[in-house]
Number of protein chains: 2
Amino acid sequence: MSGKVHIFDSTLRDGSQAQGISFSVHDKLKIAAKLDEMGVSYIEAGNPGSNRKDLEFFTAAREELKLTQAKLCAFGSTRRPGSRVEEDAGLQALVSAGAPVTAIFGKSWDFHVTDIIKTTLEENLAMIKDSIVYLKSLGKEVIFDAEHFFDGYKHNPAYALTVLATARNAGADWLVLCDTNGGTLPLEIYSIVSELSGRHGYTNLGIHCHNDAGTAVANSVLAVQAGARQVQGTFNGFGERCGNANLSSIIADLMLKLGYDCIPADNLKQLSAAYRYISEVSNVIPYEREAYVGYCAFAHKGGMHIDAVNKNSASFEHVPPEAVGNERRILMSEVSGRSTLMAIINKIAPHITRDSEETQRILDKLKDKEYHGYQFEGAEHSLELLARKELGLFQHSFELLDYKVIIEKGNGSGKSPSLAFIKIRVDDMIEEVGVSDEVGPVNALDKALRRALHKFYEAISQMYLADYKVRVIDSDSATQAKVRVMIESTDGVTSWSTVGVSTNIIDASLQALIDSVEYRLINK
Amino acid sequence: MSGKVHIFDSTLRDGSQAQGISFSVHDKLKIAAKLDEMGVSYIEAGNPGSNRKDLEFFTAAREELKLTQAKLCAFGSTRRPGSRVEEDAGLQALVSAGAPVTAIFGKSWDFHVTDIIKTTLEENLAMIKDSIVYLKSLGKEVIFDAEHFFDGYKHNPAYALTVLATARNAGADWLVLCDTNGGTLPLEIYSIVSELSGRHGYTNLGIHCHNDAGTAVANSVLAVQAGARQVQGTFNGFGERCGNANLSSIIADLMLKLGYDCIPADNLKQLSAAYRYISEVSNVIPYEREAYVGYCAFAHKGGMHIDAVNKNSASFEHVPPEAVGNERRILMSEVSGRSTLMAIINKIAPHITRDSEETQRILDKLKDKEYHGYQFEGAEHSLELLARKELGLFQHSFELLDYKVIIEKGNGSGKSPSLAFIKIRVDDMIEEVGVSDEVGPVNALDKALRRALHKFYEAISQMYLADYKVRVIDSDSATQAKVRVMIESTDGVTSWSTVGVSTNIIDASLQALIDSVEYRLINK
């Protein structure tokens, strides 16, 4: 073990400053509970001085949030120039949050002192000292965020060092070196932090990086190797501009590759799930290429890679996907050659080989479909149906004879129903169903199709849709664009994914719905 | 100037091994032309030995692609164990591509030699030597990719060094150190490359990193600082698993922060546009948090940040956005407080202040809308309409009385039209229009609305839709999920963006369409 590194998560504070993020109090409670479960040391949950909703959160947290591993932290600023701590609205709001830990930022770049908050260098030091002394007198754990530390150090090292010494002497528990603008490169971070922990003897340093130069994870890891013992960031890398340092990557790097102790070792297996959970609550699509936890992090597509991974997974995987609760995926595509497709074909037709004429026919069909906008990487079960059709191993469970959808709305906000009519044939029986639905046309179609089929196939009642995604494929042709609909269905035990493509979204949805139902009925 | 660093782009080869990427020959020609225009040194465009389409590309490139700055490179492997170079199918395909530069990879990790390709360590050295000597005898520039170099060096440094020396002695022009599995951390990269360029005296080193530990950009930059003079990667970071090192970040880091010469200095201003162009041709949504070039890279949301950037942009920007052809954006949200909203309000009502009761009312309305799934960060013009309505500064240009959409399809693949009926009132005149459209219901509605309005408003004929995006907001409730539709419209001179939200996609689309038309008519 290389020692303890405290993980300080700011998803709920700095993360909320990212484009597209808007947390409700309820969202924040859910994410805080998840971060605690993962075992981070600190959860920075808001800036009560600047945002009323954050104060609500801290009130709700006192009643509803039972933390077992993490400490809750409220964020604020040093007192304003010329104010007294007892009368400073920001500091008072910070205190009123009632969190056991307070993080306050102060300026360590002389330019920000003189040109942005427009006070003297001396007054800035007094603001830092007074604020820390005050918070310590109230029994708080105090984390001092030295804002713009690296830019400050590069422009005026003497002043930046004086700021740090002032905070230390005032009693701050942690001194956090912030690369606020995110533009400092790794070697600089390493050398400056080494200097502070070495020659200047600081032992309670933290690091806070942003990703504006694309190096936030590396910068954070290097700072730890140079002596920092607290890492600030956001679990999913959310944050102002290019985002904060991504803690999910940093935790894995530090624990799996450098032997540091960040969160309980067993929890690493929850890393990918926690990442996806936080994305979902934040209503942000998970970044598929994210290191360790992304959907593609262990996805292999090159033919040679796939062959080698089948022999020994360490050949093209830096860590086992299970170590971070992720999964290996073998992708279907022309680059991966036939081996992936063969796995699907041989599931339904074991005798067919790579070189069979049928394999070539299926590949041709696949490429043709891909050319028209289909994508089977996330819809393997539509691909299985395609293979079955080409091999003559598919029998329609039903035939769709007609459908009709009517969406009608008068003026005003009252909801009007969508109407869907479906006419199907099963053997020589014809069934016609019409439903009216308040939700929308796709929901109405789904209902009508199931209702029509239910008479013939009991199994239909055990399946339901788990996910529905719409992607505009060529968006610059506007409303004439093709859309791709991906559907994930489940019967509670297994899941399957299907796809539909059309310029008409209703039609694309119906294609995916029909594939989903056909797949279920074939495999019932 | 710190010297020349050669940029080697593998978007068309390693990039094509990413999930979701499938280039046509035409796509590849477009991307190659763009990379050449940007001034990279090498364009690795395919693996002719493993992929027939890649060979087609090289044939097409000879006729259609006129490179002025970059050299075209074909990728392949050393000869197979026990084969002769003249008879090795892979090498022969590589040669037949006719590119002036060839990159061949060979194994430098003993485990891969013995356990994956299953040959002897000696034969592996002979494969490397023979292949390089052969390609040099044909007059090619030869880049040797030492696959898994860092893993190999850590496990068996003597063998990894012998591999490098063998390649050098055989006449390779470049020796590229590959972190193929992407798991090596920055400090290791720095120290190993320093060792090679220092003690071992290598001067023609390249670096090839993957992002599995989240540190590929940093690793590449550190390798250059340690002496490497070629950087391999992909312009947008596409690639197997977590992707290759992102060249757009690396180029900016090396040129703007370290003074290296990578591409012509003036071309840096095209960096963001090139990134977006390559994303578009690749049909991949640009990653909004991408360093330097992402849509959010210079987006400010925190209130204090916005105030400071207004005073001096260097306060929260590490480089000026113009330096990389990007733009500063000030985001509207509850975090940014009132200053952003005020800019919009004051555009239409200059007398209203931050503390006006009207401002509060608009903010409340905004938050309520956001709570219901609207998002105005990318739809500022719907927000302007909302403000106008609250301030009584909005007059409907028309009233939508009714609409009805019918989508009908019989069995078979023949297209069936979508029908849209629209009934509007302008003053006391009522206009009813019905259209039939092959594309789909949204296109039909758009047509009907314009046709109905055209009689009253000439201006309608000068606007058209430039972009249409659909996002499922809460996808786990499947077809009952809400969708958010964002529309960008243009009249060829200015553009504007509007939003609609509903569980019913037709309804959401119509909301956005109506806002778009209303906005145009108010500002006509």
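Residues numbered from 1 in each chain as written. Chains lettered and ligands numbered in written order. Predicted model: local features only at pLDDT ≥ 70, side-chain atom pairs only at ≥ 80, totals over all residues. Heavy atoms only, no water.

## Describing the overall build of chain A
Rules: Only DSSP runs of H or I reaching four residues or more are called helices, and only runs of E reaching two or more are called strands; each is numbered from the N terminus. Here, Shrake-Rupley sampling with a 1.4 Å probe gives the accessible areas, and only protein chains in the shown set may cover a residue.
For chain A, the count of helices and strands is 17 helices and 16 strands. Principal-axis analysis of the C-alpha atoms gives chain A an extent of 90 × 60 × 45 Å. Accessible surface for chain A amounts to roughly 18900 Å². Of this, 49% is attributable to carbon and sulfur atoms.

## Comments concerning the pattern of salt bridges
Rules: What counts as a salt bridge is simple: a side-chain nitrogen of Lys or Arg found within 4 Å of a carboxyl oxygen of Asp or Glu. Note on exposure labels: buried denotes an accessible area under 20% of the residue type's maximum, exposed denotes more than 50%, and partly exposed covers the range between, all computed with a 1.4 Å probe on protein chains only.
With the rule as written, the count across this model stands at 53 salt bridges over all chains. Across the salt bridge formed by R84(B) and E86(B), the nearest N and O atoms sit 3.4 Å from each other. A relative accessible area of 48% means that R84(B) is categorised as partly exposed. In this structure, R361(B) and E390(B) form a salt bridge, with 3.4 Å as the shortest nitrogen-oxygen distance. Highlighted residues: R361(B) in helix α14 (residues 357-371) and E390(B) in helix α15 (residues 380-391), separated in sequence by 29 residues. Bridged by salt links that share partners, the residues R13(A), D14(A) and E44(A) form one connected network.

## Here we look at the side chain of S418(A)
Under the convention used in this document: The contact definition used throughout considers only heavy atoms, calling two residues in contact when any of these lie within 4.5 Å.
For S418(A), the position within the fold is in strand β12 (residues 418-426). Residues in contact with S418(A), not counting those within four places in the same chain, are I406(A), I407(A), V435(A), S436(A), D437(A), G440(A), P441(A), A444(A) and N504(B).

## As for the interface of chain A and chain B
This is how the line gets drawn: Put simply, buried area is how much 1.4 Å-probe accessible surface two parts lose in total, over both of them, once they are put together. Here a polar contact is taken to be a pair of N or O atoms separated by no more than 3.5 Å, where protein atoms must pair a possible hydrogen donor with a possible acceptor and residues adjacent in sequence count only if both atoms sit in side chains. Just so you know the grouping, Ala, Val, Leu, Ile, Met, Phe, Trp, Tyr, Cys and Pro go in nonpolar, Asp, Glu, Lys and Arg go in charged, and all remaining residues, Gly too, go in polar.
Opposite the 122 residues of chain A that make contact, chain B presents 120 residues. In total, about 10000 Å² of surface goes out of reach between chain A and chain B, with carbon and sulfur atoms giving 54% of it. Note that K409(B) is salt-bridged to D507(A), the shortest N-O span being 3.0 Å. Counting every contact that joins chain A to chain B gives 37 residue pairs in polar contact (both at pLDDT 80 or more). Top contributing element to the side of chain A that touches chain B by residue count: strand β11 (residues 399-410) of chain A, with 12 residues. Partitioning the side of chain A that touches chain B into residue classes produces 51 nonpolar, 38 polar and 33 charged.

## Some remarks on the pairing of strand β13 (residues 429-437) of chain B
Residues and elements named next belong to chain B. As a reminder, the rule being used: Two strands are said to pair when DSSP picks up at least two bridges between them.
Pairing analysis gives nine bridges linking strand β12 (residues 418-426) to β13, with the strands arranged antiparallel. Among the inter-strand pairings, A420 is bridged to a residue of β13, identified as V435. Linkage of β12 to β13, two consecutive antiparallel strands, is achieved through a turn of two residues, within which D427 is found at a positive phi near 55 degrees.

## Considering helix α9 (residues 216-225) of chain B
Counting buried positions over the 10 residues of α9(B) gives nine, a clear majority of the element. By the burial criterion, the buried members of α9(B) are A216(B), V217(B), A218(B), N219(B), S220(B), V221(B), L222(B), A223(B) and V224(B).

## Observations regarding the nonpolar core
Note the threshold: Residues belong to one nonpolar core when they are buried, are Ala, Val, Leu, Ile, Met, Phe, Trp, Tyr or Cys, and are joined through side-chain atoms within 4.5 Å.
The biggest cluster of nonpolar side chains holds 191 residues, and the ones touching the most others in it are F144(A), F149(A), I251(A), F144(B), F149(B) and I251(B). If you tally residues by element for this core, the top one is helix α7 (residues 157-170) of chain A, at seven residues. Membership of the second largest hydrophobic core comes to 87 residues, among which are F398(A), A420(A), A452(A) and Y403(B).

## Regarding unusual backbone geometry
Most peptide bonds adopt trans geometry, and most residues besides glycine take a negative phi value. A positive phi angle, close to 65 degrees, is found at Y292(A), a residue other than glycine. Its location among the elements puts Y292(A) in the loop between α11 (271-282) and β9 (299-300). For H148(B), which is not a glycine, the phi torsion comes out positive at approximately 55 degrees. Here H148(B) shows up in the loop between β5 (141-147) and α6 (149-155).

## So, the sheet that holds strand β16 (residues 495-502) of chain B
Residues and elements named next belong to chain B. This is how it is decided: To obtain an axis, a line is fitted to C-alpha atoms, over the contacting stretch when the element is a helix, and the angle between two such axes runs from 0 to 180 degrees between their N-to-C directions.
Taken in spatial order, the three strands line up as β14-β15-β16 in an open sheet, and their pairing is antiparallel. Each having just a single partner strand, β14 (464-472) and β16 make up the two edges of the open sheet. Each neighbouring strand pair of the sheet contributes to a mean axis angle of 15 degrees, computed without reference to strand direction. Here eight bridges tie strand β15 (residues 483-490) to β16, and the two strands are oriented antiparallel to one another. From the neighbouring strand, R484 faces β16, where its bridge partner is V501. Here helix α17 (residues 505-522) sits on the sheet and contacts β14, β15 and β16; the angle it forms with β16, its principal contact strand, is near 150 degrees.

## Section: the packing of aromatic side chains
Keep this limit in mind: Pairs were defined over the aromatic rings of Phe, Tyr and Trp, the Trp ring being its six-membered one, requiring ring centres within 6.5 Å. Orientation was assigned from the angle between planes: stacked under 30 degrees, edge-to-face over 60, tilted for the rest. A positively charged side chain is recorded as over a ring if its NZ (Lys) or CZ (Arg) lies within 6 Å of the ring centre. The angle to the ring normal must also be within 35 degrees.
In this structure the tally under the stated criterion is 15 aromatic pairs over all chains. Seen from their ring centres, F149(A) and F150(A) are 5.7 Å apart, and the 85 degrees between their planes marks the pair as edge-to-face. For F150(A), a relative accessible area of 0% puts it in the buried group. Among the aromatic residues, those joined into a cluster by ring pairs are F149(A), F150(A) and Y153(A). The residue whose ring lies beneath K369(B) is Y374(B), and the NZ or CZ to ring-centre distance is 4.3 Å. Over the ring of F394(B) we find K389(B); its NZ or CZ atom is 5.1 Å from the centre of that ring.

## Quick word on the relation of the copies chain A and chain B
The criterion, for reference: Only residues with pLDDT of at least 70 in both copies count here: their C-alpha atoms drive the least-squares fit that superposes the copies.
Overlay of chain A on chain B (RMSD 0.2 Å): rotation 180 degrees, translation along the axis 0.1 Å. In the structure described here, the two chain copies are related by an operation that fits a two-fold rotation axis. Measuring from the rotation axis to each C-alpha of chain A, the shortest distance belongs to I406(A), at 2.5 Å. Comparing interface residues between copies, 98% of those in chain A also lie at the interface in chain B; the contact surface is shared.

## A short note on the environment of I117(B)
All names here are of chain B. With respect to the element layout, I117 can be found in the loop between α4 (110-116) and α5 (121-137). Residue classification places I117 among the partly exposed positions, given a relative accessible area of 29%. Those residues in contact with I117, other than ones at most four positions away along the chain, are P81, K107, H112, N124 and M127.

## Quick word on the domain arrangement of chain A
Let me state the cut-off plainly: Domain start and end points were adopted from an automatic or database domain assignment.
For chain A, the assigned domains are domain 1 (6-282), domain 2 (299-330), domain 3 (336-391) and domain 4 (399-523). For domain 1 of chain A versus domain 3 of chain A, the separation of C-alpha centres amounts to 50 Å.

## A short note on the confidence of the model for chain A
Going by this rule: Confidence of the prediction at every residue is given by pLDDT, a number between 0 and 100.
Residues of chain A with pLDDT of at least 70 account for 96%, and the chain-wide mean is 90. Here the prediction assigns the complex a pTM of 0.77, and the interface score ipTM is 0.77.

## Remarks on the sheet that holds strand β15 (residues 483-490) of chain A
All names here are of chain A. One open sheet holds the three strands; their spatial order is β14-β15-β16, and the pairing between them is antiparallel. Of all strands in the sheet, those bounded by a partner on one side alone are β14 (464-472) and β16 (495-502). Put simply, the sheet's adjacent strands are angled 15 degrees from each other on average, direction ignored. Two strands pair when backbone bridges link them, and β14 and β15 are joined in this way by eight bridges, in the antiparallel orientation. If you follow V472 over to β15, its bridge partner there is V483. Here helix α17 (residues 505-522) sits on the sheet and contacts β14, β15 and β16; the angle it forms with β16, its principal contact strand, is near 150 degrees.

## What about the packing of helix α9 (residues 216-225) of chain A against helix α10 (residues 247-258) of chain A?
Residue and element names in this part refer to chain A. So the rule is basically this: Here the angle decides the label: under 35 degrees means roughly parallel, over 145 means roughly antiparallel, 65 to 115 means roughly perpendicular, and every other value means oblique. Less than a right angle of anticlockwise turn of the near helix away from the far helix marks a crossing as left-handed, whereas a clockwise turn marks it as right-handed.
Relative to each other, α9 and α10 sit at 45 degrees, their axes nearing to 9 Å. Classified by the angle between their axes, α9 and α10 sit oblique to one another. Pair α9 / α10 crosses with right-handed handedness. Here α9 contributes V217, S220, V221, V224 and Q225 to the contact with α10, which in turn contributes S249, I250, D253, L254 and L258. Among the residues making up the contact of α9 with α10, the classes are represented as six nonpolar, three polar and one charged.

## Considerations on the UniProt feature "domain: Pyruvate carboxyltransferase" (unreviewed entry) in chain A
Counted only if it meets this: UniProt positions are given in the numbering used here, feature names are shortened, and annotations may be inferred rather than shown by experiment.
Under the UniProt annotation, "domain: Pyruvate carboxyltransferase" (unreviewed entry) lies at residues 5-272 of chain A. Helix makes up 43% of residues 5-272 of chain A and strand 16%. Its end C-alpha atoms lie 20 Å apart.

## Remarks on the side chain of D36(A)
All names here are of chain A. Selection criterion: Note that His is not counted, nor are the chain ends; the positive residues are Lys and Arg, and the negative ones are Asp and Glu.
In this fold, D36 is placed in helix α1 (residues 25-38). For the buried D36, no salt bridge exists, and the shortest N-O distance to an oppositely charged side chain is 11 Å, to K34. Those residues in contact with D36, other than ones at most four positions away along the chain, are I43, K66, L67, T68, Q69 and A70.

## Some thoughts on the environment of N181(A)
Checked against the element boundaries, N181(A) lands in the loop between β6 (174-179) and α8 (186-197). Residues N181(A) and W496(A) lie 315 residues apart in sequence; the distance between their C-alpha atoms is 44 Å. Setting aside anything within four residues of it in sequence, one finds N181(A) in contact with W109(A), H148(A), D151(A), D212(A), R241(A), A314(B), S315(B), F316(B), E317(B) and H318(B). From its side chain, N181(A) meets the backbone oxygen of S315(B) in a polar contact 3.2 Å long.

## Quick word on the state of the cysteines
Quick note on the threshold: Cysteine sulfur atoms are paired as a disulfide whenever they come within 2.5 Å of each other.
Applying the stated criterion across every chain, the model contains zero disulfides over all chains. The thiol of C262(B) is not disulfide-bonded; the next cysteine sulfur, from C209(B), is found 15 Å away.

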